[in-house]
Amino acid sequence: MSRKKANLIISTFLIMMLALFFIFPLVWMIASSLKQEKDIYSQMTSIFAFLPSTNPKDWGIAYQQLFSRFPIFRYILNSVVYAISLTAGSLIVNSLAGYAFAKFDFWGKKALFAFLISLMVIPGATLLIQQFQVAKQLGILNTMLAVILPGMSSPFAIYMFRNAFEAIPANVSEAAEIEGAGSFRIFWSVLLPMAKPTIATIGTLSFIGSWNDYVWPLMVLNDSNQFPLQVAITNINNTQPVYMNQVMALLAISTIPLILVYAFFQKYLVQGLGSTGNGDK
C-alpha cells in the first residue's frame, strides 16, 4: 500500500470518528424524545441510550404531551415568520448594498467600504444595548418588527454580495445596458441570478441565525404569544413539572428544520463561502 493511500485511509477514519463524536448528542436527543422519561434515566449508561424505545407506542408520547401542555404550533409559526422575513429582508438589503459597492462609483466609496469591513470585527453582543435604544425610539418594542429589522443588514453579507457582483465581467452589465435595461433591471434580471451561490449562502446563514436567536427576541418581546421557539424552550424548561423526554422532543423540533435547511443548501453554502475572497482588489 502506498503512503498516499495509507494517509487517505487514516484521514478518512479520523474524519468519520470526529463526525460520530459530534453526532452522538443529536442521536441521543432524538432517541430520548422517542421513549418514556423513566427509560431515559434507566438506560443512561448503556448503548440503549442512543436507541428509541423498543415499543413503537412510546415514540409519540412525549410529542403528544408537549403539544397538549404548551402552544408549540404558535411558537413554531412565530419562528418561521421571523426567520423567513429576516432572510428575505437580508437578501434584498444586502444584495442591493453589495451591488452599489460593486458597480457604482461615488464619493467616499473606498472609505465607506473600509469602514463597513471594520464593523465585521465588532462583536454583535456589544451593540445590543444601542439596538434596543433605537428600537425603543422607533416604538417597535414588543412587535415582530423589533425582532426582524435589526438583523436585515450585515457587513459580512454586503461584503460577499459585493465580491460576487465584482466577479461578474463588466461586459455583462454593459450588454444589458445597451439593450435598454436600467440599473435596477440589470441588478434584478442579470446579476442577481448569476449570484445564486452567494444568495444560498447568505440566505442559509440568515435563516439559521434567526432561527437560533435567543437573546435579542428575549430583550424586545414581552408577550409570550410572540415568542420564537428558542425563547419558548427556556420558558418551557423552567415550567414545573419538567419532563426530560418532552424537553428532548422540543429540542428535536427546533433542530430538525436547521438540519434540513443545511442539508438542502450545503452545496451552495460551500461554493459561496469558498468564493468569499473573489473580487478583492
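What you are looking at is a predicted structure, and each value in this text was computed from that prediction instead of being measured. (Residues numbered from 1 in each chain as written. Predicted model: local features only at pLDDT ≥ 70, side-chain atom pairs only at ≥ 80, totals over all residues. Heavy atoms only, no water.)

Each helix and strand in the chain was counted, giving 14 helices and zero strands. Each helix and strand of the chain, placed in order from N terminus to C terminus, yields the pattern α-α-α-α-α-α-α-α-α-α-α-α-α-α. The globule rule puts the C-alpha radius of gyration for 281 residues at 19 Å, and the 23 Å found for the chain is more than 25% above it. Overall, the C-alpha framework of the chain stretches about 70 × 70 × 35 Å when taken along its three principal axes. Burial analysis of the chain (281 residues in total) assigns 33% to the buried set. Pairs at least 24 residues apart make up 77% of the contacts formed inside the chain by residues separated by at least 6 positions. Counting every atom, the chain has about 16600 Å² of accessible surface; 68% of that belongs to carbon and sulfur. If the 17 positive side-chain charges of the chain are averaged to one point and the 11 negative ones to another, these points end up 8 Å apart. (Helix = DSSP H or I, 4+ residues; strand = E, 2+ residues; numbered from the N terminus. Rg over C-alpha atoms; globule rule 2.2 N^0.38 Å. Buried < 20%, exposed > 50% of the residue type's maximum accessible area, 1.4 Å probe, protein only. Contact = heavy atoms within 4.5 Å. Areas by Shrake-Rupley, 256 points an atom, 1.4 Å probe, with all protein chains shown as cover. Lys, Arg positive; Asp, Glu negative; His and termini not counted. Charge placed at Lys NZ, Arg CZ, Asp CG, Glu CD.)

Glancing now at the UniProt feature "transmembrane region" (unreviewed entry) in the chain. The UniProt record marks residues 6-31, 75-99, 111-129, 141-161 and 247-265 with the feature "transmembrane region" (unreviewed entry), using the residue numbering of this structure. Between the C-alpha atoms that bound residues 111-129 the distance is 27 Å, and the span itself is 53% helix and 0% strand. Annotation note: span residues 247-265, helix share 100%, strand share 0%, distance between end C-alpha atoms 28 Å. (UniProt positions renumbered as here; feature names shortened; annotations may be inferred.)

Take the pattern of salt bridges next. When their charged atoms lie close together, side chains carrying opposite charge are able to pair. One pass over the structure, following the stated rule, counts three salt bridges. Ionic pairing is found between K38 and D39, a salt bridge with its closest N-O pair at 3.4 Å. Ionic pairing is found between E166 and R162, a salt bridge with its closest N-O pair at 3.8 Å. Taken as a pair, E166 and R162 lie in helix α8 (residues 155-166) at a separation of four residues, close to a single helical turn. (Salt bridge = Lys/Arg side-chain N within 4 Å of Asp/Glu carboxyl O.)

Under the domain assignment, the chain is made up of domain 1 (3-58) and domain 2 (68-275). Taking only C-alpha atoms into account, the centre of domain 1 sits 32 Å from that of domain 2. Contacts between domain 1 and domain 2 engage eleven residues on the former and ten residues on the latter. Between domain 1 and domain 2, roughly 790 Å² of surface is buried when both sides are summed, and carbon and sulfur atoms account for 76% of that area. Of all residues in domain 1, the largest losses of buried area upon contact with domain 2 belong to M29, S33 and E37, amounting jointly to 54% of the total for that side. Here domain 1 is connected to domain 2 by zero salt bridges. (Domains from an automatic or database assignment. Buried area = accessible area lost by both parts, 1.4 Å probe.)

Its boundaries defined by the atoms lining it, the largest pocket holds a volume of some 1100 Å³. Together, 35 residues line the largest pocket, and Q131, P150, G151, S153 and S154 are the ones closest to its centre. Those elements giving two or more residues to the lining of the largest pocket turn out to be α4 (72-103), α6 (128-138), α8, α11 (196-212) and α12 (215-220). By residue number, the principal contributor to the lining of the largest pocket is α6, which donates six residues. Residues of the lining of the largest pocket, tallied by class, amount to 24 nonpolar, ten polar and one charged. (1 Å grid on protein atoms, 1.4 Å probe; cavity = no way out; pocket = protein on both sides within 12 Å on 5 of 7 lines; lining within 4 Å. Points joined across faces, edges and corners; volume = space filled by probe spheres on them. Nonpolar A, V, L, I, M, F, W, Y, C, P; charged D, E, K, R; others polar.)

Moving on: unusual backbone geometry. With phi around 65°, N142 is a residue other than glycine that occupies positive phi space. Considering the arrangement of structural elements, one finds N142 in the loop between α6 and α7 (144-148). You can call N142 partly exposed: its relative accessible area is 27%.

Under the counting rule described, the total for this entry stands at 14 aromatic pairs. Judged by centre distance (4.8 Å) and plane angle (50°), the ring pair of F67 and F73 falls under tilted. Taken together through their ring pairs, the aromatic side chains of Y99, F104, F161, F165, F184, F187 and W188 make up a single cluster. (Phe/Tyr/Trp six-rings, centres within 6.5 Å; stacked < 30°, edge-to-face > 60°.)

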